[in-house]
Amino acid sequence: MKIKRLICSLCFVILLLISVFSIQGYFTNGEKLHHDRIGMLQSETPDALDAIYIGGSDVHFFWKPLIGWNQYGIAVWNYSIDSCSISAVKYMLIEARKTQPDALYLISLSTFKRLQTKTSTVIAHRYLDEIPYSMNKLRAIQGFAEKSGYSLTNKAEMLLPIIRFHTRWDTLSSWAVAGPYSGTKASGYDKAFVSKIMNDFPERFQVYDNASAVLPDDARLTVEDFLDYCDQNHVNVLFIKSPQAAKEENQGRMNELEKLVTDRGYPCLDLLEKYNELTLDLQTDYLDIMHLNVHGSIKFCRYLGNYLKEHYGFTDKRGTAGWESWDRAEEEYMKGLAPYILPFETEGKRTDLAEPVFVVHQSSDPGDCTTITWDPIDGADGYAVYRRDGEKWEPAGETDQQSYADEARKSSTYTVVPFRIMNGEKYYGHFDVKGISLN
Amino acid sequence: MSLASFTFLAFVSAVVLIYFIVPKKVRWIVLLVGSLAFYWMNSRWLVFVLIATGLVTYLFGLWLQRENDRHQQHLQEYPEISREEKKELKAKLKKKNRRILGLGILLVLGSLLFLKYYNFFGDSLNRLMNRVGSSVRVPLLKLLLPLGISFYTLQSISYLTDIYRGKVKADRNPAKFLLFMSFFPQIIQGPIPRHNQLADQLYEGHSFDFQRLCSGAQLMLWGFIKKLVIAERLAIPVGYLYGHFTGYTGPVLLFAAILYGFQLYADFSGGIDIARGVAEILGIRLESNFAQPYYATSIEDFWRRWHITMGSWMKDYVFYPLSLSKAFSNLSKKSRKLFGQFFGKRLPAFLAMFIVYFCVGFWHGANWKYLAYGIWNGSFIMISILLENVYAKARKLLRMDEQTVTWRVFRMIRTLLIVSFGRFFVRSLGLKDAVKMFLRTFQNWNNITFLTNGTLLKTGLSTANWFVLVFSVIILLYVDCKHEHGVSFRKILARQHLVFRWIILIGAVMIVLILGYYGPGYDAASFVYQQF
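Conventions and cut-offs
- Residues numbered from 1 in each chain as written.
- Chains lettered and ligands numbered in written order.
- Predicted model: local features only at pLDDT ≥ 70, side-chain atom pairs only at ≥ 80, totals over all residues.
- Heavy atoms only, no water.
- Helix = DSSP H or I, 4+ residues; strand = E, 2+ residues; numbered from the N terminus.
- Buried < 20%, exposed > 50% of the residue type's maximum accessible area, 1.4 Å probe, protein only.
- Contact = heavy atoms within 4.5 Å.
- Areas by Shrake-Rupley, 256 points an atom, 1.4 Å probe, with all protein chains shown as cover.
- Lys, Arg positive; Asp, Glu negative; His and termini not counted.
- Charge placed at Lys NZ, Arg CZ, Asp CG, Glu CD.
- Salt bridge = Lys/Arg side-chain N within 4 Å of Asp/Glu carboxyl O.
- Pairing = 2+ DSSP bridges.
- Axes fitted to C-alpha atoms, helices over the stretch in contact; angles between N-to-C directions.
- Polar contact = N/O pair within 3.5 Å; in protein donor to acceptor, adjacent residues only side chain to side chain.
- Buried area = accessible area lost by both parts, 1.4 Å probe.
- Bend = angle between axes of the 7 residues up to and from the residue.
- Phe/Tyr/Trp six-rings, centres within 6.5 Å; stacked < 30°, edge-to-face > 60°.
- Lys NZ or Arg CZ within 6 Å of the ring centre and 35° of its normal.
- Disulfide = S-S within 2.5 Å.
- Patch = residues over 30% accessible without salt bridge, like charges linked within 9 Å, V, L, I, M, F, W, Y side chains within 5 Å.
- Core = buried A, V, L, I, M, F, W, Y, C linked by side-chain atoms within 4.5 Å.

A separate point is the overall build of chain A. Regarding its fold elements, chain A presents 16 helices and 15 strands. Dimensions of chain A, computed from C-alpha atoms along their principal axes, come out at roughly 95 × 50 × 45 Å. Split into buried and exposed, the 439 residues of chain A put 54% on the buried side. Within chain A, contacts between residues at least 6 apart in sequence are counted, and of these 79% link residues at least 24 apart. Of the roughly 19400 Å² of accessible surface on chain A, a fraction of 50% belongs to carbon and sulfur atoms. In chain A, the 47 positive side-chain charges and the 60 negative ones have mean positions that sit 9 Å from each other.

The next thing to look at is the pattern of salt bridges. It is possible for side chains of opposite charge to pair when their charged atoms get near one another. Residues and elements named next belong to chain B. For the structure on display, the rule yields 36 salt bridges over all chains. Linking Glu232 and Lys227 is a salt bridge whose minimum nitrogen-to-oxygen distance equals 2.7 Å. By relative accessible area, which is 0% here, Lys227 ends up buried. Between Asp273 and Arg276 there is a salt bridge, with its nearest N and O atoms 3.8 Å apart. Of this pair, Asp273 and Arg276 both sit in helix 10 (residues 250-281), three residues apart, which is roughly one turn of the helix.

Here we take up the sheet that holds strand 5 (residues 268-270) of chain A. Residue and element names in this part refer to chain A. What the five strands build is an open sheet, ordered 2-1-3-4-5; its pairing is parallel. Of all the strands in the sheet, just strand 2 (76-80) and strand 5 have a single pairing partner and so form its edges. Each neighbouring strand pair of the sheet contributes to a mean axis angle of 25°, computed without reference to strand direction. Sheet analysis places strand 1 (residues 51-55) next to strand 2, joined by five bridges and oriented parallel. When the sheet's bridge partners are listed, Ile52 is paired in strand 2 with Trp77.

Quick look at the side chain of B:Ser215 now. Residue and element names in this part refer to chain B. For Ser215, the position within the fold is in helix 9 (residues 210-243). Within the structure, Ser215 has its side chain in polar contact with the side chain of Arg490 (distance 2.8 Å). When near neighbours in sequence (up to four residues on either side) are disregarded, Ser215 contacts Glu280 and Arg490.

Contacts between chain B and chain A engage 24 residues on the former and 21 residues on the latter. Regarding the contact of chain B and chain A, the summed buried area is about 2000 Å², with carbon and sulfur atoms giving 80% of it. At the junction of chain B and chain A, the tally comes to zero salt bridges. Counting across the chain B and chain A interface gives two residue pairs in polar contact (both at pLDDT 80 or more). Only helix 1 (6-21), helix 9, helix 18 (463-484) and helix 20 (498-515) of chain B provide two or more residues apiece to the side of chain B that touches chain A.

Here we take up helix 12 (residues 308-323) of chain B. All names here are of chain B. Considering bend angle alone, the principal kink of helix 12 is centred on Lys315 and spans about 35°. Along helix 12, the residues that are buried comprise Thr309, Met310, Trp313, Met314, Asp316, Tyr317, Val318 and Phe319. Buried-residue contacts for helix 12 involve helix 5 (149-164), helix 11 (299-305) and helix 13 (326-364).

This next bit is on the sheet that holds strand 9 (residues 370-374) of chain A. All names here are of chain A. Taken together, three strands build an open sheet; the order of strands is 8-9-12 and the sheet is antiparallel. Among the strands making up the open sheet, the edge pair consists of strand 8 (358-362) and strand 12 (403-406). Shown here is a sheet whose adjacent strand axes are inclined to one another by a mean of 15°, direction ignored. Here strand 9 runs beside strand 12; their pairing, made up of four bridges, is antiparallel. The residue of strand 12 that forms the bridge with Thr370 is Asp406.

Overall, the coordinates contain 77 aromatic pairs over all chains when judged by the stated rule. Here A:Phe62 and A:Phe300 contribute two aromatic rings whose centre-to-centre distance is 5.3 Å and whose plane-to-plane angle is 75°, an arrangement assigned as edge-to-face. On the criterion of sequence distance, the pair formed by A:Phe62 in the loop between helix 3 (57-60) and helix 4 (65-72) and A:Phe300 in helix 15 (residues 294-312) is long-range, its members being 238 residues apart. The two residues A:Phe62 and A:Phe300 agree in class, both being buried. Arranged with centres 5.2 Å apart and planes meeting at 45°, the rings of B:Trp313 and B:Tyr317 form a pair that is tilted. Placement of both B:Trp313 and B:Tyr317 in helix 12 is noted, with a separation of four residues, approximately one turn of the helix. For the pair shown, B:Trp313 and B:Tyr317 are each scored as buried. Linked through ring pairs, B:Phe262, B:Tyr265, B:Phe268, B:Phe290, B:Tyr294, B:Phe302, B:Trp303, B:Trp306, B:Tyr357 and B:Tyr373 together constitute an aromatic cluster. Here B:Lys116 stacks its cationic end above the ring of B:Trp363, 5.7 Å away from the centre of that ring. Directly above the aromatic system of B:Tyr242 lies the positively charged group of B:Arg427, at a separation of 5.2 Å from the ring centroid.

Bringing the state of the cysteines into the picture now. Applying the stated rule across the entire model yields zero disulfides over all chains. A disulfide-free cysteine, A:Cys230 has its sulfur positioned 13 Å from the sulfur of A:Cys268, the nearest such atom.

On to a negative patch on the surface, then. A cluster of like negative charges, contributed by B:Glu80, B:Glu84, B:Glu85 and B:Glu88, occupies part of the molecular surface. Here B:Glu88 shows up in helix 4 (residues 83-131).

Among the nonpolar cores identified, the biggest contains 155 residues, and B:Leu31, B:Phe183, B:Leu202, B:Trp303 and B:Trp306 are the most heavily contacted of them. With 19 residues, the top contributor of residues to this core is helix 10 of chain B. Of all hydrophobic cores here, the second largest spans 99 residues; its members include A:Leu41, A:Ile86, A:Ala186 and A:Leu337.

All names here are of chain A. On the surface, Val13, Leu17, Phe21, Tyr133, Met135, Leu138 and Leu159 cluster together into a nonpolar patch covering about 610 Å² of accessible area. Examining the composition of the nonpolar patch, we find that three residues originate from one element, helix 1 (residues 2-24), more than from any other. Along the chain, Leu138 turns up in helix 8 (residues 135-148). By relative accessible area, Leu138 is classed as partly exposed at 39%.

Another point: the side chain of A:Asp285. Residue and element names in this part refer to chain A. Looking at where Asp285 falls in the secondary structure, it is placed in the loop between strand 5 and strand 6 (286-288). For Asp285, a relative accessible area of 1% translates into the label buried. Within the structure, the side chain of Asp285 is placed 2.7 Å from the backbone nitrogen of Asp281, a separation counted as a polar contact. At 2.6 Å, the side chain of Asp285 and the side chain of Lys299 are in polar contact. Ignoring any residue separated from it by four or fewer positions in sequence, one finds Asp285 in contact with Thr279, Leu280, Leu292, Asn293, His295, Gly296 and Lys299.

Spelled out as structure tokens, the structure:
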């Protein structure tokens with residue numbers, strides 16, 4: 001009788017837990033982008049990805065996997081969470097390695113430079129709610145709790161997110177109940193990414209090669225613990241310094257961190273130093289001082305993808321069996337980006353030609369053409385004029401003169417792109433990404 | 001640590017587990033250690049105030065018992081003494097014990113009065129001095145109020161008085177007695193137990209009983225629903241309406257008062273159910289503190305159903321000692337001569353009642369508004385007693401049958417309105433605000449469409465939440481209705497098929513998990529009655 005009751009009670013508890021865990025997915029975070037980057041990694045073929053890029057917004061506003069796929073056919077996953085703390089990076093690495101043990105791990109040094117060892121509950125949820133229950137998850141909860149001073153309720157909400165998110169019952173996130181989500185291979189974006197351009201900015205980044213700073217003990221120990229893990233588990237790691245503006249003090253921290261990791265034998269790719277090689281333009285490629293927009297991201301992906309291809313031998317897997325989902329996702333993704341970018345941007349043929357200053361005018365006579373005029377650009381062999389009437393940019397025409405006449409249009413937006421011909425191919429310079437509209 | 005928190009659940013689980021693992025003989029020690037640990041987690045060093053109060057009560061209890069035992073022993077040793085001598089000895093004992101009891105109550109009550117009321121009276125006196133232009137000032141102190149002091153003080157007084165009356169024998173074991181004073185499920189907000197009801201249950205180790213575990217857990221679950229789904233949800237519009245009462249009049253304010261009544265009931269009874277559920281799991285039966293108060297047909301009936309243990313405490317330790325005292329007996333004789341049979345007979349009872357409700361009011365808090373609350377309730381009871389004959393004549397004249405449902409419903413609504421008006425005094429910030437709110441309730445009854453014109457949606461709750469609230473209050477009233485007719489849902493549930501039981505229980509847990517107001521962002525930490 002006692003055993004029967006015990007079994008009965010255990011069955012009840014199990015049923016209760018199943019019920020709770022089954023429904024809590026409808027309430028949790030509801031942030032599609034984090035689900036795409038963290039949760040959807042598990043749906044990738046095990047041990048197939050070329051690389052996994054771990055960090056914070058200094059990753060996902062820079063690297064878009066499907067742009068990398070579009071450029072080189074390489075599968076580099078964006079495994080990042082907003083405001084990622086240093087403490088979280090190790091747990092993210094451990095989790096990712098469960099399904100992708102042999103991938104190259106790109107670690108953003110810029111994430112480390114914030115020296116943030118505490119992980120707020122909001123940030124912790126972004127990550128923990130997307131990974132399955134495991135010892136790593138429990139250790140992550142315990143680790144975050146120790147560093148950040150979580151209460152028992154905080155720990156309970158990490159284990160059972162419904163404790164925090166149950167209040168959403170009257171506004172359940174529609175995508176959570178809609179059914180299986182195919183994701184965008186961690187390349188999702190928001191409106192700012194595709195349409196925002198930074199307004200107020202310094203002309204160029206100041207690079208402080210010789211800056212140094214003292215790393216707090218807590219941060220240093222956390223980084224060293226991370227490196228110890230990489231040593232013990234023979235993790236193939238490449239640290240990356242993103243081309244983000246940083247004050248001298250922050251660059252000092254990054255220099256110290258770079259020294260710390262390179263002293264331990266790990267390579268570090270300094271993209272802040274290579275800002276010119278990336279042909280990044282503060283006027284057009286950044287949505288704010290810390291993050292790239294779609295134009296900058298395309299350049300970044302082009303450069304980094306090429307670097308990885310050349311240094312790590314990643315092969316082009318486009319059209320290969322087993323990678324159909326990437327091909328399909330890339331096609332859809334690039335269709336989504338098309339309204340915001342010019343066709344040549346993804347072709348990679350860019351050069352350092354200044355942005356033309358141009359004017360669009362139309363005479364008052366109906367039937368007359370729309371004329372675009374500009375000043376000549378040094379080094380340009382010609383100028384391509386693009387027009388946007390609705391969603392998408394389309395080529396209007398090309399000329400080697402300083403004006404172009406288009407048929408009369410009422411509400412088109414124009415931009416002018418200088419190009420230089422090198423080895424029989426056109427290489428495009430800087431341009432006004434927003435364009436000028438005819439009023 | 002709130003009763004409706006994960007920490008408390010974890011704590012209870014640990015205590016229950018350890019309780020049933022250790023040998024029966026020492027299970028009371030587990031409860032004692034658990035209770036003191038619980039008190040420490042909530043009040044830290046103030047646990048020593050509880051221990052000191054317990055020690056004083058214990059020692060005075062022993063003293064009283066010793067006097068009683070000596071008296072008995074003397075009578076046994078000298079059986080031949082005359083009746084007059086026995087009477088004389090008894091009178092001496094009574095006189096001495098009265099002094100001991102008085103001193104004991106003074107010490108125990110003194111700490112409550114000092115810690116809870118010193119600053120209140122000091123501040124009131126300072127304001128008065130200020131008004132009359134005097135520079136005399138009472139220094140105000142930074143005093144911390146120990147958790148549950150209002151409850152365990154009454155427990156101490158009832159214990160000493162029961163020994164004095166010979167109803168109970170003093171506890172010989174100080175540690176066991178401390179357990180009686182500090183038992184953790186009921187220290188926060190009651191119920192207020194009597195020694196002869198609770199002590200033996202605490203000291204005797206109980207065996208694990210699966211049915212009790214299920215029944216206790218179900219009662220706790222119902223308590224969580226009342227507290228987290230109903231009370232916490234009601235707190236939002238109530239808080240808004242009381243905080244912005246100057247923007248509302250008439251029916252809206254009355255509605256706010258009624259809502260507050262339900263919030264208070266759900267909060268308080270929810271906490272009591274959680275406490276009783278925990279105790280039941282441990283094999284201990286705590287008194288129920290509520291008996292469907294919103295089914296009361298008069299204020300007197302209401303106070304027999306609301307905070308029952310406090311009501312019965314006041315009756316046994318304030319009302320009866322006063323009204324049966326010699327002084328009141330003399331008062332009764334004099335008042336009959338002065339005011340006639342009808343009023344004269346009732347005057348001492350009214351005075352005793354006035355004192356009782358004065359105490360009830362002030363017990364709730366150190367503020368004049370609570371005194372007004374006590375007087376409000378006491379006055380209505382006195383009025384109903386005075387007009388009893390008038391009502392009876394009126395009913396006869398109108399040929400009204402008291403047994404009809406309509407008459408009962410009328411009385412219930414009337415009682416609800418009187419109680420709700422009284423609640424202005426409890427919930428408002430102070431007496432002035434309470435009076436303002438009270439008066440504004442009679443103004444501008446044009447806006448009776450407030451229920452449908454969107455007024456309520458501006459009080460902080462969405463439409464969906466209002467639906468949940470209305471539905472859950474209906475369920476609460478339905479359950480109370482069934483209890484009023486002697487139906488126990490737990491017993492009915494126990495008889496159902498296993499699958500049905502599990503569906504109901506899992507559903508109830510989900511209701512708390514999903515619809516409960518708890519967790520990060522909510523301050524579910526405070527029970528209203530915990531402040532006492």
